Amino acid sequence: EVLGRFGDEATLRKSMELFKAERNGGAAIAPSIRPGVLANVGRRADAEIFAELVKRMTTATRVEDGWLYASALAHVEDVALARQLLALTLGDTVPSQMVSWLPGMVAGNHTHGAMAYGFVVDNFDVLSRKTSEQGRPHLLPSAASGFNESARATALIADQKRLLGDAGEKTAKQAAATIELKSRIRMRDGASLATSSRAVRGVSAQNP
């Protein structure tokens, strides 16, 4: 999963090969690597693979399988497909227990963070009606989980107050504190982390 997250093409290609082989009646993906393989398949999913993963998520007979496919879908890199996944939470196909968490899972991909957060803000009334009383305060903080800028922490508290009142204050402040911490780390170590990341990608490219 980590190799796929950093764009190792050999790992991503092999993951898709394993998935397609199993789908066509070949060997089952080993349980020990299944979550990582599916995450990588979700990352590079095209419209066809995306639709299949959605079908598996919505028809899963075991709760853990449903979450496994939801997690795979949330890794999708294609912006249009990520937007489709978010839109599914407004309908009746996504299991109710996933509605409050799926936008946050999509936001885990930092390139989709702003989109996922904006989606929750824009559709808060619909999503809150589909979410349990316990899950409602987590809707917006979960969608802000990928942020690492101080301004985002301030905005989260203000948006949560406006949308949910005092009921969501504690949850928003906890999430905002985490964002603030990440912001300080980014300001302190951002340059060195970027250099290390480029070095890792360089080694991966030289050793496929």
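What this report covers is the structure whose coordinates are included nearby. (Residues numbered from 1 in each chain as written. Predicted model: local features only at pLDDT ≥ 70, side-chain atom pairs only at ≥ 80, totals over all residues. Heavy atoms only, no water.)

1. Focus on the pattern of salt bridges
Pairing of side chains with opposite charge becomes possible as their charged atoms draw close. Formally: The salt bridge criterion pairs a side-chain nitrogen of Lys or Arg with a carboxyl oxygen of Asp or Glu, the two atoms within 4 Å. Runs of H or I in DSSP of at least four residues are treated as helices and runs of E of at least two as strands, each being numbered from the N terminus. When a residue's accessible area, from a 1.4 Å probe over protein chains only, is under 20% of the maximum for its type it is buried; when over 50% it is exposed; and in between it is partly exposed.
In total, this model carries 14 salt bridges according to the counting rule given. A salt bridge links E52 to R23; its shortest N-O distance comes to 2.8 Å. Separated by 29 residues along the polypeptide, E52 in helix α4 (residues 47-59) and R23 in helix α2 (residues 9-23) bring together distant segments of the chain. Here E169 and K173 are joined by a salt bridge, their closest N and O atoms 2.9 Å apart. With a gap of four residues between them, E169 and K173 both fall in helix α13 (residues 169-206), about one helical turn apart. Among the residues examined, K173 registers a relative accessible area of 44% and is labelled partly exposed. Within this structure, E1, R5 and R43 form a network of salt bridges that share partners.

2. Side note on α4
The condition is simple: A helix is expected to reach a length of 1.5 Å times the quantity of its residues less one. Pairs of N or O atoms are called polar contacts if they sit within 3.5 Å, as long as, within protein, a hydrogen donor faces a hydrogen acceptor (for residues adjacent in sequence, only side-chain-to-side-chain pairs).
Helix length check: α4, at 13 residues, gives a terminal C-alpha distance of 18 Å against a target of 18 Å (1.5 Å per residue), a fit within 8%. Every buried residue of α4 is listed here: I49, F50, E52, L53, V54, R56 and M57. Between the side-chain oxygen of the N-cap and the backbone nitrogen of E48 there are 3.2 Å, and the N-cap of α4 in question is D46.

3. Here's the deal with the side chain of R56
Where we set the bar: Two residues qualify as a contact provided that any one of their heavy atoms is within 4.5 Å of a heavy atom in the partner residue.
For R56, the position within the fold is in helix α4. In terms of polar contacts, R56 uses its side chain to reach the side chain of Y69, at 3.2 Å. The residues contacting R56, other than those within four sequence positions of it, are F19, E22, R23, R34 and Y69.

4. Considerations on the packing of α4 against helix α6 (residues 79-88)
Helix-helix packing is described using two parameters, namely the angle between the two axes and the distance between the axes. Heads up, the rule is: Note on geometry: axes are lines fitted to C-alpha atoms, helical ones only across the stretch in contact, with angles between N-to-C directions running from 0 to 180 degrees. To sort the angles, those under 35 degrees are grouped as roughly parallel, those over 145 as roughly antiparallel, those from 65 to 115 as roughly perpendicular, and the leftovers as oblique. Note on convention: near helix rotated counterclockwise from far helix by under a right angle means a left-handed crossing. Clockwise means right-handed. Throughout this entry, Asp, Glu, Lys and Arg are counted as charged residues, while Ala, Val, Leu, Ile, Met, Phe, Trp, Tyr, Cys and Pro are counted as nonpolar. The remaining residues, Gly among them, count as polar.
Viewed as axis vectors pointing N to C, α4 and α6 meet at an angle of 25°, and their least axial separation amounts to 11 Å. Comparing the axis directions of α4 and α6 gives the class roughly parallel. Every pair of crossing elements has a handedness; the one defined by α4 and α6 is right-handed. The residues of α6 that touch α4, namely those facing A47, F50 and V54, are L81, Q84, L85 and L88. Class assignment of the residues belonging to the contact of α4 with α6 gives a composition of six nonpolar, one polar and no charged.

5. Quick word on the side chain of S128
Positionally, S128 belongs in helix α10 (residues 124-129). The buried category is assigned to S128, whose relative accessible area is 11%. A distance of 2.9 Å separates a polar side-chain atom of S128 from the backbone oxygen of D125. Apart from the residues within four sequence positions on either side, S128 is in contact with R136 and L139.

6. Concerning the packing of aromatic side chains
Inclusion rule: Stacked, edge-to-face and tilted are the three classes for Phe, Tyr and Trp ring pairs, Trp counted by its six-membered ring, which pair at centre distances within 6.5 Å; planes under 30 degrees apart are stacked, over 60 edge-to-face, the rest tilted. Counted as over-ring charges are cases with an Arg CZ or a Lys NZ within 6 Å of the ring centre that also lie within 35 degrees of the ring normal.
Counted under the stated rule, the structure contains one aromatic pair. With centroids separated by 5.5 Å and ring planes inclined at 65°, the aromatic side chains of Y117 and F147 adopt a geometry described as edge-to-face. Of this pair, Y117 sits in helix α9 (residues 113-122) while F147 sits in the loop between α11 (139-143) and α12 (150-164), and the two are 30 residues apart along the sequence. The same class applies to Y117 and to F147, which are both buried. Just above the ring of F147 sits the side chain of R152; from NZ or CZ to the centre is 4.2 Å.

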